[in-house]
Amino acid sequence: MESALSGSAVPVKLIARQVPRLEGKVRAPGDKSVSHRALMFGALALGETVVSGLLEGEDVLCTAAALRAMGAQIVQEGPIWRVRGFGVGGGREPDGVLDLGNSGTSARLLSGILASHPFTSFMTGDGSLRRRPMQRVIEPLSRMGARFVSREGGRMPLGIVGTDEMIPIEYTLPVASAQVKSCILLAGLNTAGETTVIEPEATRDHTERMLRHFGAEVRVSDLEGRRGKRITVVGWPELKARDVVVPGDPSSAAFAVVAACIRPGSDVMVENVGLNPLRAGLYTTLQEMGANIVLENQREVGGEPVADLRVRGGGLKGMTVPPERAPTMIDEYPILAVAAACAEGTTHMLGLAELRAKESDRLSSVSAGLTANGVKHEMGPDFLIVNGVGGSPPGGGLVVTHLDHRIAMSFLVLGLATKEPVAVDDGSPIDTSFPGFAALMNGLGAKIGPA
Ligand code: S3P
């Protein structure tokens, strides 16, 4: 892991080569968003929470280390993780700087927990995380009574002067962000009275689901005439330890699914894919593009809808993806751009301003990667239009990943279809969300390896 404290990791150049088709069965790794929250809620509960299916990626391990620094006991026993919590408001002052690596989710959600404790804490991260906007959490948490010291523009490293006398607020999110929503709701736990977040666009609701699972009182209502929601949490609940089964990550599953879609003749089963409606926008979009994806064995895992996806390759056609769908597939635009490059016709992707605030400026990273591989497209401030070739794009480029795991994985998937191989300058960030990505893909017949 490249990090501010531990120094730079050695970049690992990877290359992907064209394969005729993919075939076989794989299991999606644990959901990153749910894994972070399982550890955090376990830490905020009294008793022992047992988590199974946890994603053991670097981002989640950063959250575990930070919670341990606050006094939680977190131990791994084979496939099971046991968390003994400190309870709401019961964390202790970390005695060092919390290093959150590449993980925006750790930084935003933990800032809500830290700010609602009566001590001062410090956090930093790698070169990518230190560039990402934190003002979006500084602003509401300051209104609640915490104080912050940051670099120019609200960037990390960040000093947080917390308080256990937070003021409950009603806050309308200026951007559609589940991280900011979750940050405020977590701060609201150690706040007297009711804290309310109004989100103009509904975003992933794993925090709300888990609050209920651990025994907090949460009220959610639809905004009249709009797609958003009003969410209220009642402060000072006694959260009780609960077991959590983490479903597979739809954002990680997306790479195998799109790889199968862009190689005609492929037949791939991706098992255990979480299909929370606020996360599943890519799958709706692929089906509308003509992909052959069948949902099998639909069930519930840990309170989330899950299915096995049977994907047969070929038949993708371009389309216009409506901007209101963006929050439900916000992490999937890089891999959708890869699908669009191989599809027949043009794909319009709209409402993408938030992509510029991810692990990299993803609009620019995707655009540069498409250019390097001969894919015609147009990028605007908040849109991307990709002209698909209806088969194999030229390829042959070297893609700069800017410490962004999803840029690395997306372009390696592109290389499975292109005429010439596609290389990425650094595959090491893949371990933040999908350890074992290359091995899993190669098990389906992909050719991804060191360059
Ligand atoms: C996440 C929310 C999204 C997403 C990120 C994980 C979460 O970010 O991009 O990968 O776990 O809440 P925003 O809420 O900032 O859009």
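About the cut-offs
Residues numbered from 1 in each chain as written. Predicted model: local features only at pLDDT ≥ 70, side-chain atom pairs only at ≥ 80, totals over all residues. Heavy atoms only, no water. Helix = DSSP H or I, 4+ residues; strand = E, 2+ residues; numbered from the N terminus. Rg over C-alpha atoms; globule rule 2.2 N^0.38 Å. Buried < 20%, exposed > 50% of the residue type's maximum accessible area, 1.4 Å probe, protein only. Contact = heavy atoms within 4.5 Å. Lys, Arg positive; Asp, Glu negative; His and termini not counted. Charge placed at Lys NZ, Arg CZ, Asp CG, Glu CD. Pairing = 2+ DSSP bridges. Polar contact = N/O pair within 3.5 Å; in protein donor to acceptor, adjacent residues only side chain to side chain. Axes fitted to C-alpha atoms, helices over the stretch in contact; angles between N-to-C directions. Parallel < 35°, antiparallel > 145°, perpendicular 65-115°, else oblique. Left-handed = near helix turned anticlockwise from the far one by under 90°. Nonpolar A, V, L, I, M, F, W, Y, C, P; charged D, E, K, R; others polar. 1 Å grid on protein atoms, 1.4 Å probe; cavity = no way out; pocket = protein on both sides within 12 Å on 5 of 7 lines; lining within 4 Å. Points joined across faces, edges and corners; volume = space filled by probe spheres on them. Domains from an automatic or database assignment. Buried area = accessible area lost by both parts, 1.4 Å probe. Salt bridge = Lys/Arg side-chain N within 4 Å of Asp/Glu carboxyl O. Phe/Tyr/Trp six-rings, centres within 6.5 Å; stacked < 30°, edge-to-face > 60°.

Q: What is the right way to look at the overall build of the chain in this model?
A: When you go through the chain residue by residue, the secondary structure sums to 12 helices and 24 strands. Against the globule reference of 22 Å for 451 residues, the chain gives a C-alpha radius of gyration of 21 Å, in line with a compact fold. Taking the principal axes of its C-alpha atoms as reference, the chain extends roughly 60 × 45 × 45 Å. For the chain, buried positions account for 60% of its 451 residues. Long-range contacts, defined here as pairs at least 24 residues apart, represent 77% of the contacts in the chain between residues at least 6 apart. For the chain, the centre of its 45 positive side-chain charges and the centre of its 49 negative side-chain charges are spaced 3 Å apart.

Q: Honestly, the pairing of strand β17 (residues 304-312) in this entry has me stumped. Any pointers?
A: Regular strands show a simple pattern: their side chains alternate between the two faces of the sheet. Here strand β15 (residues 267-274) runs beside β17; their pairing, made up of six bridges, is antiparallel. Opposite G274, over in β17, you have V306 as the bridge partner. Bridge analysis of strand β16 (residues 292-301) against β17 gives eight bridges, and the strand direction is antiparallel. Of the residues in β17, the one forming a bridge with V301 is E304. Count of turn residues in the β16/β17 antiparallel hairpin: two residues, of which G302 carries a positive phi of about 55°.

Q: Quick question: what am I supposed to make of the environment of H402 here?
A: With respect to the helices and strands, H402 occurs in the loop between β22 (398-399) and α11 (405-414). Look at H402 and you get partly exposed, because its relative accessible area is 43%. Placed 143 residues apart in sequence, H402 and A259 show a C-alpha to C-alpha distance of 22 Å. Among all residues touching H402, those that are not within four sequence positions of it are R131, E359, S360 and S365.

Q: So what exactly am I meant to see when it comes to the side chain of N102 here?
A: Along the chain, N102 turns up in the loop between β6 (98-99) and α3 (104-115). Looking at N102, the relative accessible area reads 3%, which means it is buried. Here L403 takes part through its backbone oxygen, which lies 3.1 Å from a polar atom of the side chain of N102. Ignoring any residue separated from it by four or fewer positions in sequence, one finds N102 in contact with D59, D126, S128, L129, R132, E359, L403, H405 and T432.

Q: Would you mind showing me how to read the environment of V97 here?
A: Structurally, V97 can be placed in the loop between β5 (80-84) and β6. When the C-alpha atoms of V97 and P157 are compared, they prove to be 9.1 Å apart, with 60 residues separating the residues in sequence.

Q: Looking at this structure, I do not really get the packing of helix α10 (residues 362-372) against α11. What am I missing?
A: Closest axis-to-axis distance for the α10/α11 pair is 11 Å, and the angle between their directions is 25°. On the basis of the axis angle, α10 is roughly parallel to α11. The two elements α10 and α11 meet at a crossing, and its hand is right-handed. Contact residues: R362, S365, V366, G369 and L370 in α10; H405, R406, I407 and F411 in α11. Of the residues in the contact of α10 with α11, the class split is four nonpolar, three polar and two charged.

Q: Got a minute to help me understand the layout of surface pockets in this structure?
A: Where empty space is left becomes clear once a probe the size of a water molecule has been rolled over the atoms. Taken as a whole, the largest pocket spans an internal volume of roughly 600 Å³. Along its surface, the largest pocket is lined by 35 residues, and A176, S177, I330, E354 and K358 are the ones closest to its centre. Mapped by element, the contributors of at least two residues to the lining of the largest pocket are α1 (32-44), α3 and α5 (178-189). Partitioning the lining of the largest pocket into residue classes produces nine nonpolar, eight polar and 18 charged. Viewed by domain, the lining of the largest pocket spans two of them, domain 1 (14-30 + 250-450) and domain 2 (32-236), each represented by three or more residues. Roughly 160 Å³ of internal volume is contained in the second largest pocket. Taken together, 13 residues form the lining of the second largest pocket, with P264, G315, C342, G390 and G391 sitting closest to its centre.

Q: Can you walk me through the domain arrangement of the chain in this structure?
A: Quoted interface sizes are often the accessible area lost when the parts come together. You can read the domains of the chain as domain 1 (14-30 + 250-450) and domain 2 (32-236). The C-alpha centroid of domain 2 is placed 29 Å from the C-alpha centroid of domain 1. Each side of the interface is counted separately: domain 1 has 25 residues, and domain 2 has 28 residues. Counting each side, the surface lost to burial between domain 1 and domain 2 is near 2,100 Å², with a carbon and sulfur contribution of 48%. Taken together, the links from domain 1 to domain 2 amount to four salt bridges. A salt bridge links D331 to R204; the nearest nitrogen and oxygen atoms lie 3.4 Å apart. At the boundary of domain 1 and domain 2, one finds 14 residue pairs in polar contact (both at pLDDT 80 or more).

Q: Hey, could you run me through the packing of aromatic side chains in this one?
A: For any pair of aromatic rings, the description consists of the separation of the ring centres together with the inter-plane angle of the planes. Under the counting rule described, the total for this entry stands at three aromatic pairs. Seen from their ring centres, F255 and F437 are 6.0 Å apart, and the 80° between their planes marks the pair as edge-to-face. Remark: F437 occurs in helix α12 (residues 437-443) and F255 occurs in helix α7 (residues 250-261); sequence separation between them is 182 residues. By relative accessible area, which is 2% here, F437 ends up buried. Among the aromatic residues, ring-to-ring pairing joins F255, F434 and F437 into one connected group.

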